[in-house]
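Report on the structure
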Amino acid sequence: MVTRNNDVWVFIEQRGGKPADVSLELLSKGRKLAQQLNGRLKAIVIGFNAESIAKETFRYGASEVLLADHKELEHYRTMTYSRVLSELVDKYRPGVVLFGATITGRDLAPRIASFIKSGLTADCTDLQISDVKYLRNEYKNLLLQIRPAFGGNIIATIISPEVDVQMATVREGVMRLEPLEIPVNGKITLVPYQPSTLDSVIKIIEQHRQENKVNLKSAPIIVAGGYGLGTKENFKLVQELAATIGGEVAGSRAAVDAGFVTPDRQVGQTGVTVRPKLYIAIGISGAIQHRAGMQESNKIIAINSDPEAPIFGVAHYGIVGDAAQIIPTFINVFKQKLR
Amino acid sequence: MGYKSIVLVKQVPDTANISGQVMKEDGTVNRSLLPAIFNHEDRVALEMALQIQDNHGGNVSVITMGPPRASDVLRECLFMGADDAYLISDRKFAGADTLATSYVLSEAIKKIGSFDFIFAGRQAIDGDTAQVGPQTAEKLGIPQITYAQEIVSINNNKVLIKKKIEGGYEILESPLPVLVTVLKDAVFPRPYKAKRVMAYKNAKTLMELEKLTEDNSLLYIDQLKYEYMSKHLYINTITMDDLKLDVERCGVAGSPTKVHKIESVVLTGNKHEHIEPNKIGIGTLIDKLMEDHIFG
Ligand SMILES: Cc1cc2nc3c(=O)[nH]c(=O)nc-3n(C[C@H](O)[C@H](O)[C@H](O)COP(=O)(O)OP(=O)(O)OC[C@H]3O[C@@H](n4cnc5c(N)ncnc54)[C@H](O)[C@@H]3O)c2cc1C
Ligand SMILES: Cc1cc2nc3c(=O)[nH]c(=O)nc-3n(C[C@H](O)[C@H](O)[C@H](O)COP(=O)(O)OP(=O)(O)OC[C@H]3O[C@@H](n4cnc5c(N)ncnc54)[C@H](O)[C@@H]3O)c2cc1C
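About the criteria used
Residues numbered from 1 in each chain as written. Chains lettered and ligands numbered in written order. Predicted model: local features only at pLDDT ≥ 70, side-chain atom pairs only at ≥ 80, totals over all residues. Heavy atoms only, no water. Contact = heavy atoms within 4.5 Å. Buried area = accessible area lost by both parts, 1.4 Å probe. Salt bridge = Lys/Arg side-chain N within 4 Å of Asp/Glu carboxyl O. Polar contact = N/O pair within 3.5 Å; in protein donor to acceptor, adjacent residues only side chain to side chain. Helix = DSSP H or I, 4+ residues; strand = E, 2+ residues; numbered from the N terminus. Nonpolar A, V, L, I, M, F, W, Y, C, P; charged D, E, K, R; others polar. Pairing = 2+ DSSP bridges. Axes fitted to C-alpha atoms, helices over the stretch in contact; angles between N-to-C directions. Parallel < 35°, antiparallel > 145°, perpendicular 65-115°, else oblique. Left-handed = near helix turned anticlockwise from the far one by under 90°. Domains from an automatic or database assignment. Expected span 1.5 Å × (residues − 1). Core = buried A, V, L, I, M, F, W, Y, C linked by side-chain atoms within 4.5 Å. Buried < 20%, exposed > 50% of the residue type's maximum accessible area, 1.4 Å probe, protein only. Near = heavy atom within 4 Å. Areas by Shrake-Rupley, 256 points an atom, 1.4 Å probe, with all protein chains shown as cover.

As a further point, take the interface of chain A and chain B. Between chain A and chain B, the residue contacts involve 75 residues of the former and 78 residues of the latter. For the pair chain A and chain B, the summed buried area comes to about 6,600 Å², and 62% of that belongs to carbon and sulfur atoms. The largest per-residue losses of area from chain A upon contact with chain B belong to A:I103, A:R106 and A:F150, which jointly make up 12% of the total buried on that side. The interface formed by chain A and chain B contains 2 salt bridges. On inspection of chain A and its partner chain B, the count reaches 33 residue pairs in polar contact (both at pLDDT 80 or more). No other element matches the 9 residues that helix α4 (residues 103–116) of chain A contributes to the side of chain A that touches chain B. Per-class residue counts for the side of chain A that touches chain B are 40 nonpolar, 19 polar and 16 charged. In this sheet, strand β9 (residues 168–175) of chain B lies alongside strand β13 (residues 203–209) of chain A in antiparallel orientation, the contact comprising 6 bridges. For A:I204, the partnering residue across the bridge sits in β9(B) and is B:L172.

Packed helices, taken two at a time, are described by their axes: the angle between them and the distance between them. Residue and element names in this part refer to chain A. Running from N to C, helix α5 (residues 232–245) and helix α8 (residues 323–337) point in directions that differ by 15 degrees, and their axes come no closer than 10 Å. Compared by their axis directions, α5 and α8 come out roughly parallel. Regarding α5 and α8, the two cross each other, and that crossing is left-handed. Residues L237, V238, E240, L241, T244 and I245 of α5 lie in contact with α8, whose contacting residues are A324, I327, P328, F330, I331, F334 and K335. A per-class count over the contact of α5 with α8 returns 10 nonpolar, 1 polar and 2 charged.

Further remarks concern the domain arrangement of chain A. Where the parts come together, the accessible area they lose is often given as the size of the interface. Residue and element names in this part refer to chain A. When cut into domains, chain A gives domain 1 (8–200) and domain 2 (221–337). Here domain 1 and domain 2 have C-alpha centroids that lie 34 Å from each other. With 9 residues of domain 1 at the interface, the matching set in domain 2 holds 5 residues. Roughly 680 Å² is buried in total at the junction of domain 1 and domain 2, and carbon and sulfur atoms are behind 36% of that figure. At the boundary of domain 1 with domain 2, the tally comes to 0 salt bridges. The tally of links from domain 1 across to domain 2 stands at 1 residue pair in polar contact (both at pLDDT 80 or more).

This part is about α5(A). With 14 residues, α5(A) extends 20 Å from end C-alpha to end C-alpha; this agrees with the ideal 20 Å at 1.5 Å per step. Elements in contact with the buried residues of α5(A): β14 (221–225), β15 (248–251), α6 (253–257), β16 (278–282) and α8 of chain A.

Looking now at the nonpolar core. Core analysis: the biggest nonpolar cluster contains 47 residues, and B:V7, B:L46, B:V62, B:F117 and B:F119 have the highest contact counts within it. Grouped together as the second largest cluster of nonpolar side chains are 35 residues, A:L229, A:L241, A:I280 and A:I282 included.

For B:E170, the location among the structural elements is in strand β9. For B:E170, a relative accessible area of 6% translates into the label buried. Along the backbone, B:E170 and B:A148 are 22 residues apart, and their C-alpha atoms lie at a distance of 9.5 Å. Residues within four places of B:E170 in sequence aside, it is in contact with A:I204, A:E206, A:Q207, B:I161, B:K162, B:K163 and B:I165. In terms of polar contacts, B:E170 uses its side chain to reach the side chain of A:Q207, at 2.6 Å.

Our next topic: the site of ligand 2. Lining the immediate environment of ligand 2, one finds 37 residues, of which A:R147, B:K10, B:D42, B:T98 and B:T129 sit closest. Looking at the residues close to ligand 2, they fall on chains A and B. At 2.7 Å, a side-chain N or O of B:T98 approaches an oxygen atom of ligand 2. Bound to the protein, ligand 2 loses 95% of the 930 Å² it would expose on its own.

Residue and element names in this part refer to chain A. Every one of the 24 residues lining ligand 1 counts as a neighbour, but Y227, S252, T270, S285 and N304 are closest to it. In this structure, G271 approaches ligand 1 through a main-chain N or O atom, which is 3.3 Å from an oxygen atom. One of the backbone N or O atoms of A323 is found 2.9 Å from a nitrogen atom in ligand 1. Taken by itself ligand 1 offers 990 Å² of open surface, and the protein chains cover 73% of this. At the level of elements, α6 and α7 (288–291) are the ones that each hand at least two residues to the shell around ligand 1. Tallied by class, residues from the shell around ligand 1 come to 6 nonpolar, 15 polar and 3 charged.

Moving on, we come to the sheet that holds strand β11 (residues 166–170) of chain A. Residues and elements named next belong to chain A. Read from one edge to the other, the open sheet built from 7 strands follows the order β7-β11-β6-β1-β4-β5-β12, with strand pairing classed as parallel. Each of the sheet's edge strands pairs with one partner strand only, and the pair in question is β7 (120–124) and β12 (187–190). Ignoring which end each strand starts from, the neighbouring axes of this sheet average 25 degrees apart. Direction of pairing for strand β1 (residues 8–11) relative to strand β4 (residues 41–47): parallel, over a ladder of 4 bridges. Bridged to V10 within β4 is A43.

Taking strand neighbours across the sheet as the criterion, the 6 strands line up as β15(A)-β14(A)-β16(A)-β17(A)-β18(A)-β14(B) in an open arrangement whose pairing is parallel. The sheet terminates laterally at β15 of chain A together with β14 (273–275) of chain B, the two strands that pair on one side only. Taken over all neighbouring pairs, the strand axes of this sheet differ in orientation by 20 degrees on average, direction set aside. Relative to the sheet, α8(A) contacts β16, β17 (299–304) and β18 (317–320) of chain A, its axis offset from that of β16(A) by approximately 145 degrees. With respect to the sheet, helix α8 (residues 279–291) of chain B is in contact with β16, β17 and β18 of chain A together with β14 of chain B, its orientation differing from that of β18(A) by roughly 160 degrees.

Pasting the structure below:
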């Protein structure tokens, strides 16, 4: 049986000079995993002038940052980042390595897993530490990597029992952000960067990035509309309701595909995962892939003309009827009560 | 002249209709219970390769690792315009995770020969991991561009590719060879050509020819294979014996990730409170949300 180091590593992605939310979410989760394993939580930061990013991780529980800081590392590039990280992981063999299941994470993590010949579980929505009995063997303190597959129709628990490095990518928004009152008094360890021939074969010619202006994830109230609204005109009712009650507008994929709402506001498996205090789903049937992105919401109101719609299965309050009538009533009553 | 492309294609179960029975005890998939289809993004990947061929010449090979019946997708590739098809199939490859899959694929690619491009789908709709492309690139020691949206240009053995990144896009320049994974809307796959369908619907893999000899004792496999090859109807078939592989790195044995448990997603059957669709009903609902400090 393999012996495993108890440390948990989190790769820190960057967005506009800051750690990406998903990376901080992973630190928050990683801190608990490391506690259970009696190991340390380490953040891996690769970039240029990235010390402030490194320090930010202490607020989410990292006790050490491995920092590779070099001009050549300013922008994410597959070959450079994967080489630097592969060498680090290979050298220290941490028991758990986590990445956001973002475009970057899904580009980077598989190359590293391939390099160190280890298992990589994609797109996890939960992680746990547990003893496992698998094919008549008992394994201690394995990482249970829980993930949807088959287009979201099944939830699989994946383990990598026979390797020392268990790697996973984790979906954005599913782990809770839990900043500490008092940051850890951690240390930063510099990792020297030595250029290698394959590093710069791919050149970035142009880069266009708009930092997401809509921040659905941190909205306390979300009003989401679906295909059932029928027209873009009707969808305005959703926007009006959101404006009235102080919520953000969101939509199902069908609403996005129909052009009712922009893709950055799509909730679900291929959109954003949210857990607001209140989620109002209007004219949304409640397909598995939509529910995957909203069912953890604190309170859910479903408004649908079909009493059998699956969305009612995850709702706390259900209103059966025509959205075009219910929304204006809601707006009026709300205005009267909270004028 | 021209560019040589290899396209990785996968036959996938149609994940639109899944039930618990589809999963076997050991967590692997009982694919025989599901209709098998051509992974859409792989079709898009093939189209991208064919467009390079249209514009610059060269040729396009497709390969799949899978059970014998995965030859169906290879025939579909031939209908679209692929020049050669390869089935990589062996019992010992079964149950592979992405690490073992990319190992066998990369060894098969080395055997097939040199190439300028490898195209793959971004992800397959069953495993949904998006890992096989990058892992194959790593094993071949070549760069990769994932989430490609468009080939901007190809010049002097350099390619410019537009790829999606978080909140935008990037244009990258890569030398060749490179592995590219494509997004579903990158290009629109061409329909099958009737002439090619007529010709290639009879294309057969080694296993399919063996089946013919089993059914008819007058046929000899070597002769049959030769006949199909000369008519360009032989689907190249690569098994364990054709590759120099480490058995320990193939199939279940070579797969570090294990499916420990599978649950089909079922509704929790949560009992929700029914609210009347009128002023009074909605009024009480709003009162409750005010009490909960969600409103107000
Ligand atoms: C791999 C994959 C990933 C996916 N990812 C996502 C994702 O991230 N997010 C997502 O949302 N979907 C996703 N989907 C799509 C998902 O399966 C559904 O197709 C989609 O969520 C349906 O959107 P909808 O509920 O708005 O539309 P529909 O399913 O068409 O539902 C419309 C609903 O409106 C109701 N309705 C009709 N008229 C009225 C009216 N006048 N008043 C009130 N109600 C009315 C109907 O009863 C119905 O329930 C994905 C699918 C796949 C295969
Ligand atoms: C429920 C479930 C969960 C799983 N989870 C994981 C996991 O977390 N980690 C893991 O390593 N494995 C996992 N697997 C195994 C994985 O699905 C298989 O290894 C699968 O053969 C390849 O992965 P994929 O379908 O995710 O392909 P992807 O990596 O999503 O495919 C990307 C592209 O690679 C190419 N490609 C993929 N497979 C082949 C092939 N056989 N032949 C030719 N080209 C191909 C295609 O172009 C495809 O579009 C899981 C399997 C199941 C059933």
